[in-house]
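Chain by chain, the residues:
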Amino acid sequence: MSPIAALAVRTAGGPLEAVTYEPRPLRDDDLRIDVKFAGICHSDIHTVREEWGAAHFPIVPGHEIAGIVSEVGAGVTRYKVGDRVGVGCMVDSCGECEFCKDGQEQFCEKGNVGTYNSRGFDGEWTTGGYAQAHTVSERFAVRIPDEIELDVAAPLLCAGITTWEPLKRWNAGPGRRVAVVGLGGLGHMAVKLAVAMGADVTVLSRSQAKKDDALGLGAQHYVATGEEGALESLKSSFDLIINTVSADLEMDAYLATLRPLGALINVGLPTKPYSVSPFSVVGGTRTLGGSNIGGIPATQEMLDFCAEHGVGATIETIAAKDANAAYDRVVAGDVRYRVVIDTATIPTDGADLESASA
Ligand code: NAP
Ligand code: ZN
């Protein structure tokens, strides 16, 4: 196997650069994947900028991976060369604890192994999906149905499953009023999935700028939260709020928009603590909770649901040389609605990234 062309960040807050690395030899249960598209998740940015704490550099980010199986280990049973597959946020777990056995590998008692910036059970640091190939145990790959193009499938591997989980857990569906805070990568997937589940969906975005898009995605209502009195006018409106925002939010004001017994579920991971009055949750017996990605069986279920309902991400496909600029645009909330890197444009010779031709 020749070296893999990839994009890596070498130091905290540094830029993505073109690199090559040696992949591990194929293990019996491994798939080698010819990666076609890799989504840029805000978590990639939080990680390489060390906004969540110390990271291990260099990092090849990327946990929204879509591609084609190019090679299989001797013991692989579920996939064959040519299959369309995806890889999300995890690449290993113990496989033996109660959560792993239940298909909830994200809660593995030994700690799941993240797709990048994570130490595997073999002691090696993991390497993510901004690359032309990825090597992963077949247990952590999922099948991308033929109905979904690989580019619009990639973001489903994180943004899709992360919003699918709380929508399912809190019974989004007909007769349920769901609000989505923040129309970004996760937010727009939450809207599409909740609409496909039959819920009544409201988008809560900072300004009016994304209104037409939100209604185009199928949301029934749209409120610009930056406008005077916007949240006050929504008192006791929602059964479920999915908050995807990566910045401070006034939790008490959002909790007040829940109906009795409603739940505000945070999937966004800002760096500062939330401030919450106990009265905001005790009044109305409301829940303030969180949700962390989702397991492998649920990821497959989500992909099959998306195929059945014609759901894929709304993407901007970029060349590798534009990935650094894309990071800044994600932070500014200026992406509609997920950036996906066309991995064929990653320089194969470790050349200067910004001057590489697309
Ligand atoms: P994103 O594309 O940047 O979307 C976040 C959205 O938040 C923006 O589009 C923007 O929407 C809104 N926003 C509100 N206040 C903002 C501000 N001050 N600055 C910028 N944007 C603001 O991010 P993402 O990839 O969807 O990720 C969202 C969060 O979820 C991140 O913290 C990420 O790390 C986290 N995450 C969590 C999990 C999990 O398992 N829980 C998994 C993946 C990602 P409007 O313009 O509509 O206001
Ligand atoms: Zn992610």
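Worth saying up front: this structure is predicted, and the values here are computed from it rather than measured.

*Asks:* Explanation requested: the overall build of the protein in the structure shown.
*Replies:* The helix and strand tally for the protein stands at 10 helices and 17 strands. Over its C-alpha trace the protein gives a radius of gyration of 20 Å, about what one expects of a compact globule, namely 21 Å for 358 residues. Dimensions of the protein, computed from the C-alpha atoms along their principal axes, are close to 60 × 45 × 40 Å. Burial status across the protein gives 55% buried among its 358 residues. Here the analysis covers contacts within the protein between residues at least 6 apart in sequence; of these, 66% occur between residues at least 24 apart. For the protein, the separation between the mean place of its 30 positive charges and that of its 47 negative charges on side chains is 4 Å.

*Asks:* Would you explain the site of ligand 1 in this entry?
*Replies:* Around ligand 1 there are 28 residues in total, and H42, S205, K210, S246 and R338 lie nearest to it. In this structure, V267 approaches ligand 1 through a main-chain N or O atom, which is 3.0 Å from a nitrogen atom. In this structure, an oxygen atom belonging to ligand 1 sits 2.7 Å away from a side-chain N or O atom of R338. Alone, ligand 1 offers 920 Å² of accessible surface; in the complex the protein occludes 89% of this. Taken together, the elements giving at least two residues each to the shell around ligand 1 come down to α1 (42–48), α5 (185–197) and α10 (323–331). Residues of the shell around ligand 1, tallied by class, amount to 12 nonpolar, 13 polar and three charged.

*Asks:* Can you walk me through the pattern of salt bridges in this structure?
*Replies:* Side chains that differ in charge, positive against negative, can pair when their charged atoms come close. Here the structure, examined in full by the defined rule, presents 17 salt bridges. A salt bridge links K36 to D34, with the shortest nitrogen-to-oxygen separation between them at 3.3 Å. Residue classification places K36 among the partly exposed positions, given a relative accessible area of 33%. Within the structure, one salt-bridge network assembled from shared partners comprises K80, D83 and R143.

*Asks:* Quick question: what am I supposed to make of the pairing of strand β14 (residues 258–266) here?
*Replies:* Two faces, one strand: in a regular strand the side chains alternate between the faces of the sheet. Pairing geometry for strand β13 (residues 238–243) and β14, over five bridges, is parallel. If you follow I242 over to β14, its bridge partner there is I265. Where β14 and strand β15 (residues 287–290) come together, four bridges link them in parallel fashion. The partner of I265 across the bridge, within β15, is G289.

*Asks:* Please clarify how a negative patch on the surface should be interpreted in this entry.
*Replies:* Taken together, the side chains of D146, E147, D304 and E308 define an acidic patch exposed on the protein surface. If you trace the backbone, D304 turns up in helix α9 (residues 296–309).

*Asks:* Is there a simple way to think about the packing of aromatic side chains in this case?
*Replies:* Aromatic ring pairs: the centre-centre distance and the angle between the two ring planes describe each pair. Counted by the stated rule, this structure contains three aromatic pairs. Geometrically, the ring pair formed by F99 and F107 is edge-to-face, given 5.9 Å between the ring centres and 80° between the ring planes. A residue is classified by how much of its surface remains accessible, and F107, at 36% relative accessible area, is partly exposed. Seen from their ring centres, Y130 and Y327 are 6.5 Å apart, and the 70° between their planes marks the pair as edge-to-face. In this pair, Y130 is assigned in the loop between β7 (113–114) and β8 (133–137) and Y327 in helix α10, connecting sequence segments 197 residues apart. For the pair Y130 and Y327, a shared accessibility class is recorded, and that class is buried.

*Asks:* Is there a simple way to think about the side chain of D30 in this case?
*Replies:* Positionally, D30 belongs in strand β3 (residues 30–39). In terms of polar contacts, D30 uses its side chain to reach the side chain of R24, at 2.8 Å. Ignoring sequence-local partners within four residues, the contact set of D30 consists of R24, P25, E71, V72, G73, V76, T135, V136 and S137.

*Asks:* Got a minute to help me understand the coordination of the zinc ion (ligand 2) in this structure?
*Replies:* Ideal geometry at a metal centre: 109.5 degrees between donors when four sit tetrahedrally, and 90 or 180 degrees when six sit octahedrally. Around the zinc ion (ligand 2), the protein contributes the donor atoms C41 (SG), H63 (NE2) and C158 (SG), which lie 2.0 to 2.2 Å from the metal centre. Written as a sequence motif, the donor arrangement for the zinc ion (ligand 2) is C-x21-H-x94-C. With a gap of 95 residues between them, H63 in the loop between α1 and β4 (65–72) and C158 in the loop between α3 (150–153) and α4 (159–169) connect regions that are remote in the sequence. When sorted by exposure, H63 lands in the same class as C158, which is buried.

*Asks:* It is not clear to me how the side chain of T343 should be interpreted in this structure. Could you clarify?
*Replies:* Residue position: T343 is located in the segment after β17 (338–342). For T343, the residues in contact, after removing those within four places along its chain, are V35, K36, F37, A38, G129, A131 and Q132.

About the cut-offs
Residues numbered from 1 in each chain as written. Chains lettered and ligands numbered in written order. Predicted model: local features only at pLDDT ≥ 70, side-chain atom pairs only at ≥ 80, totals over all residues. Heavy atoms only, no water. Helix = DSSP H or I, 4+ residues; strand = E, 2+ residues; numbered from the N terminus. Rg over C-alpha atoms; globule rule 2.2 N^0.38 Å. Buried < 20%, exposed > 50% of the residue type's maximum accessible area, 1.4 Å probe, protein only. Contact = heavy atoms within 4.5 Å. Lys, Arg positive; Asp, Glu negative; His and termini not counted. Charge placed at Lys NZ, Arg CZ, Asp CG, Glu CD. Near = heavy atom within 4 Å. Polar contact = N/O pair within 3.5 Å; in protein donor to acceptor, adjacent residues only side chain to side chain. Areas by Shrake-Rupley, 256 points an atom, 1.4 Å probe, with all protein chains shown as cover. Nonpolar A, V, L, I, M, F, W, Y, C, P; charged D, E, K, R; others polar. Salt bridge = Lys/Arg side-chain N within 4 Å of Asp/Glu carboxyl O. Pairing = 2+ DSSP bridges. Patch = residues over 30% accessible without salt bridge, like charges linked within 9 Å, V, L, I, M, F, W, Y side chains within 5 Å. Phe/Tyr/Trp six-rings, centres within 6.5 Å; stacked < 30°, edge-to-face > 60°. Donors = N, O, S within 2.8 Å, 3.2 Å for Na, K, Ca; no water.

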